[in-house]
Amino acid sequence: MTRREDWERQYRAAPSDAVEASTMSGLELDAVYGPDDGEFPGQFPYTRGPYASMYRGRLWTMRMFAGFGTAADTNARFKELLRAGGTGLSTAFDLPTLMGADSDHPMALGEVGKAGVAVDTLADMEDLFDGIDLGTVSTSMTINSPAPILLAMYVAVGEEHGTPRARLAGTLQNDILKEYQAQKEFIFPPRPSVRLVNDVVRFCTAEMPLWHPVSISGYHIREAGSTAVQELAFTLANGFAYVEAAIASGLPVDAFGKRLSFFFNAHIDFFEEIAKYRAARRIWARWLRDRYGATDERAMQLRFHTQTAGVSLTAQQPEINIARVAIEALAGVLGGTQSLHTDSFDEALALPTEKAARIALRTQQVIAYETGAASVADPLGGSHFVEALTDRMEQEAEAVFAHLLELGDGSILEGVYQGIEEGWFQSEIAQASADFERKLNDGRRILVGVNRFEETDEPEADILYIGPEAEALQRKRLAEVKAARDDGAVSQALARVRHDAADPATNVMPSLLQAVYAYATVGEIIGALGQVFGTWTERAVV
Amino acid sequence: MTAGEMMRVLVTKVGFDGHDRGVKVVARMLRDAGLEVIYGGLRQTPETVAETALQEDVDVVGLSMHSGGHLTLAPAVIEALRRRGLDVPVVVGGIIPTRDRDVLVEQGVAEVLTPGASEEEVVAAVRRAAAQRVQATEA
């Protein structure tokens, strides 16, 4: 059987009528093009895509990231996005929530509900998903240090709605390693934090078959200033680290490997981005099979979410960002993404307005339904240029893995810990970011509207303005929830959290569920964990 | 600061926001321009910023803010500085809506820098802020 025949067999077994299969002239299109003995989508090492049918079988999920103000404010935006044709939810939490602090924490002053939605207790999570059927929608939650607590809250809301945890579909970002490297929303030291990540992996493997327990994220590494190669290499290394941690805890790689997912940036360098996604799939497949012993194909198939690059957007002439986002989103689609968030054009100014968010969603719909970009899988596969760039990126990433293996004495997990502790990732990213800025300043790199083609007297853009009201409302709500709950049940639950956290062999998830059901706050639970784990301060690297 | 002395700048972030790409780029820009830069790191409070400014005897404080909390946090830093008897000017850089820029200036912020500011603009703003203070002190 040729590889084409093998592919045809798989292709016929899958649904394949999600997109138009002919050109505007009426020419019929194959689902994929290439030599009979070449690699096809759905075939190891999946350079051309994880599935045989790709978008013919199912379009990517149009998942728009949203969150601001109180849970009720965000609930209204969620409903609007679903009404407008969005096919999944994605939750942005505010900074105090991301840092595990309650809205009444002194450090939270001025930041409550600003960059995302504030969640202090299960009561807020109930408001956030009020009137939304968690059995039919899939939800992504962008949260890391407090991720296990927010997952426990989501499970609790599902159960309150009558949707058992086994039917909940979605993704928890829960990728702590890139926090130390790039986004810096860490609380505990790396080792106990990875234990928490792994507790979620174990819990989901046993009880939540439709849930993705970790979304291994290059997005933030790139936004912090890395190159595409660094994004690729650091992200996959973090992925290998979680695999090693899970295997060490006794989980079989095939059992959890198929539920790991990835999250990449779509920046403006079109072909390099496409090559990056192709290289990522190939590397993951090879390492999972050859190094970690996966035998289930699904554990070797890298699936990913994409977000266009916030950092590529400009505050100057912001409407140009609509064009940038369209090009970046197209790279994600041609690279075979499974889900996509398109940034709103006003994101260099503030959180998106409803109108800007709708234009961003419509941009995906244009790509999906008008351009024909989804008709043929891996349409750039076989291009001399894209194939060479894919190979080159793979080689560059392998050099990084070799460095980490050396740092970690044969273990990627130890190498990543070491790289974090000595600030290696952080300084690599800072250097790349400084080089980029230098090029912009020298004019060696052009940014339209910023260092070329500038306009003076730009009209003021209409932005979403979040006033101080949400903060006051949220503090009041928190006080009400605290007054109404059973304090004895809270302290009992928190004592159990401390007890279970102190034993590395015990999964903390059941204790977290008990605590959220008792309406313990995120800050109280984080505090209990912190008593066991301690906290982490980074060595600042400029 | 007297002529010939190197200008000392504290650049830092207040609050929970961990987006440190901008603050690091600015730190390098200022250092490359010959200023002495103290990087205060993440998660500072108005009090810790003011304390560092005092200890390090800086001429300017630069705050990088992307969280939307600038209207609360920038005046809190200024107040903490003044309470220690420091008239050090504060420069704010980051994602600051146009309508907030004038408010920040009314609140006592010396200069506001927004995305896309070039190296020259960043350095000039810090120098202007420092010069205002010298003038004010001499007057």
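Keep in mind that this is a model prediction, so the values were computed, not measured.

Asks: Looking at this structure, I do not really get the overall build of chain A. What am I missing?
Replies: If you tally the helices and strands in chain A, you get 22 helices and 9 strands. A compact globule built from 542 residues would reach a C-alpha radius of gyration of about 24 Å, and chain A, at 23 Å, matches this within 12%. Projecting the C-alpha coordinates of chain A onto the three principal axes gives extents of approximately 70 × 60 × 50 Å. Considering chain A as a whole, with its 542 residues, one finds that 56% of them fall into the buried category. Looking at chain A alone, contacts between residues at least 24 apart form 76% of all its contacts between residues at least 6 apart.

Asks: Where do I start with the overall build of chain B in this structure?
Replies: Within chain B one finds 5 helices and 5 strands. Counting from the amino terminus, helix and strand elements in chain B follow one another as β-α-β-α-β-α-β-α-β-α. A globule of 139 residues ought to have a C-alpha radius of gyration of about 14 Å, and chain B, at 13 Å, matches this closely. Each principal axis of the C-alpha atoms in chain B carries an extent, and together these give about 35 × 30 × 25 Å. When each of the 139 residues of chain B is scored for burial, the buried share is 53%.

Asks: Just checking my understanding: could you explain the interface of chain A and chain B for this structure?
Replies: The accessible area lost on association of the parts is a frequent measure of interface size. Across the boundary between the two partners, chain A contributes 33 residues, which contact 27 residues of chain B. Looking at the side of chain A that touches chain B, the elements with two or more residues in it are α4 (95–98) and α18 (424–442) of chain A. With 5 residues, the single largest contributor to the side of chain A that touches chain B is α18 of chain A. Its residues assigned to classes, the side of chain A that touches chain B comprises 20 nonpolar, 7 polar and 6 charged.

Asks: Please clarify how the nonpolar core should be interpreted in this entry.
Replies: One recurring pattern in soluble globular proteins is that nonpolar side chains are buried together. Grouped together as the largest cluster of nonpolar side chains are 213 residues, with contacts concentrated most on Ile525 of chain A together with Val77 of chain B. Per-element tally for this core: the top contributor is helix α10 (residues 228–248) of chain A, with 12 residues. Beyond its immediate chain neighbours, meaning those up to four positions away, Ile525 of chain A contacts Ile149, Leu494, Val497, Leu512, Ala515 and Ala520 of chain A.

Asks: What exactly am I supposed to notice about the sheet that holds strand β1 (residues 61–66) of chain A here?
Replies: Remark on secondary structure: sheet strands pair via backbone hydrogen bonds, oriented parallel or antiparallel. Residues and elements named next belong to chain A. One open sheet accounts for 9 strands, arranged β5-β4-β3-β2-β1-β9-β8-β7-β6; its pairing is parallel. In the strand order of this sheet, the two ends are held by β5 (211–212) and β6 (215–217), each with one partner. Packed onto the sheet, α10 meets β6 and β7 (261–266) and runs at close to 145° relative to β6.

Asks: In this structure, what is going on with the packing of helix α20 (residues 487–502) of chain A against helix α21 (residues 509–517) of chain A? I would like to understand it.
Replies: The description of two helices packed together rests on the angle between their axes and the distance between the axes. Residue and element names in this part refer to chain A. Between α20 and α21, the shortest axis-to-axis distance is 9 Å and the interhelical angle comes to 165°. Considering the angle they form, α20 stands roughly antiparallel to α21. α21 is crossed by α20, and the crossing has left-handed handedness. Across the interface between the two elements, Ala493, Leu494, Arg496, Val497 and Asp500 of α20 pack against Ser511, Leu512, Gln514 and Ala515 of α21. For the contact of α20 with α21, the class distribution of residues is 5 nonpolar, 2 polar and 2 charged.

Asks: Which parts of the structure should I look at to understand the environment of Thr98 of chain B?
Replies: Tracing the backbone through its elements, the reader meets Thr98 of chain B in helix α4 (residues 98–106). Between the C-alpha atom of Thr98 of chain B and that of Pro46 of chain B, which follows or precedes it by 52 residues, the distance is 24 Å.

Asks: Could you clarify how one ought to interpret the environment of Pro510 of chain A in this entry?
Replies: You can see Pro510 of chain A is positioned in helix α21. Distance in space between the C-alpha atoms of Pro510 of chain A and Ala152 of chain A is 8.4 Å, their sequence separation being 358 residues.

Asks: Just checking my understanding: could you explain helix α3 (residues 71–83) of chain A for this structure?
Replies: Note: α-helices contain 3.6 residues per turn, so residues at a spacing of three or four share the same orientation. Residues and elements named next belong to chain A. For α3, with 13 residues, the first-to-last C-alpha span of 18 Å sits near the 18 Å given by 1.5 Å per residue. Among the residues of α3, Ala71, Asp73, Thr74, Arg77, Phe78 and Leu81 are the ones counted as buried. Taken end-on, α3 shows its buried residues confined to a sector of 155°, consistent with a single buried face. Structurally, α3 contributes buried residues whose contacts are with β1, β2 (88–92), α5 (122–128), α15 (354–369) and α19 (469–484).

Asks: Which parts of the structure should I look at to understand the sheet that holds strand β5 (residues 111–113) of chain B?
Replies: All names here are of chain B. Ordered by their spatial adjacency, 5 strands build an open sheet running β2-β1-β3-β4-β5, and the pairing between neighbours is parallel. Sheet topology places β2 (36–44) and β5 at the edges, where each strand pairs with a single neighbour. In this sheet, adjacent strand axes meet at a mean angle of 20° when their direction is disregarded. On the sheet, helix α2 (residues 46–56) packs against β1 (8–14), β2 and β3 (60–65) and is oriented at approximately 165° with respect to β1.

Asks: I would appreciate a short explanation of unusual backbone geometry in the present structure.
Replies: Backbone geometry follows two general trends: most residues other than glycine have a negative phi, and most peptide bonds adopt the trans configuration. Residue and element names in this part refer to chain A. Between Phe44 and Pro45 the backbone carries a cis peptide bond, its omega angle lying at 0°. Within the secondary structure, Pro45 sits in the loop between α1 (3–13) and α2 (54–57). Despite not being glycine, Asp378 has its phi angle at roughly 40°, a positive value. Mapped onto the secondary structure, Asp378 falls in the loop between α15 and α16 (384–407). Non-glycine residue Tyr519 carries a positive phi angle of around 65°. Tracing the backbone shows Tyr519 in the loop between α21 and α22 (522–533).

Asks: Please explain the packing of helix α3 (residues 70–83) of chain B against α4 of chain B as it appears in this structure.
Replies: Residue and element names in this part refer to chain B. Contact geometry for α3 and α4: axes closest at 10 Å, N-to-C directions at 20°. The orientation of α3 relative to α4 falls into the category roughly parallel. The crossing of α3 and α4 is right-handed. Residues His70, Leu71 and Ala74 of α3 pack against Asp100, Val103 and Leu104 of α4. Considering only residue class, the contact of α3 with α4 consists of 4 nonpolar, 1 polar and 1 charged.

Asks: Before we go on, may I ask you to explain the pairing of β2 of chain B in this structure?
Replies: Along any regular strand the residues' side chains alternate between the sheet's two faces. Bridge analysis of β1 of chain B against β2 of chain B gives 6 bridges, and the strand direction is parallel. Pairing of Val11 of chain B across the sheet is with Tyr39 of chain B, part of β2 of chain B.

Asks: How should the pairing of strand β4 (residues 169–172) of chain A be read in this particular structure?
Replies: Residues and elements named next belong to chain A. The pairing of strand β3 (residues 138–142) with β4 spans 4 bridges and is parallel. Opposite Ser140, over in β4, you have Thr171 as the bridge partner. This β-α-β element, β3 to helix α6 (residues 147–161) to β4, shows right-handed connectivity.

Calculation notes
- Residues numbered from 1 in each chain as written.
- Chains lettered and ligands numbered in written order.
- Predicted model: local features only at pLDDT ≥ 70, side-chain atom pairs only at ≥ 80, totals over all residues.
- Helix = DSSP H or I, 4+ residues; strand = E, 2+ residues; numbered from the N terminus.
- Rg over C-alpha atoms; globule rule 2.2 N^0.38 Å.
- Buried ≥ 20, exposed ≤ 12 C-beta atoms within 10 Å, placed from the backbone.
- Contact = placed C-beta atoms within 7 Å.
- Nonpolar A, V, L, I, M, F, W, Y, C, P; charged D, E, K, R; others polar.
- Core = buried A, V, L, I, M, F, W, Y, C linked by C-beta atoms within 7 Å.
- Pairing = 2+ DSSP bridges.
- Axes fitted to C-alpha atoms, helices over the stretch in contact; angles between N-to-C directions.
- Parallel < 35°, antiparallel > 145°, perpendicular 65-115°, else oblique.
- Left-handed = near helix turned anticlockwise from the far one by under 90°.
- Expected span 1.5 Å × (residues − 1).
- Arc of directions from axis to C-beta.
- Right-handed = clockwise from strand over helix to strand, strands pointing away.

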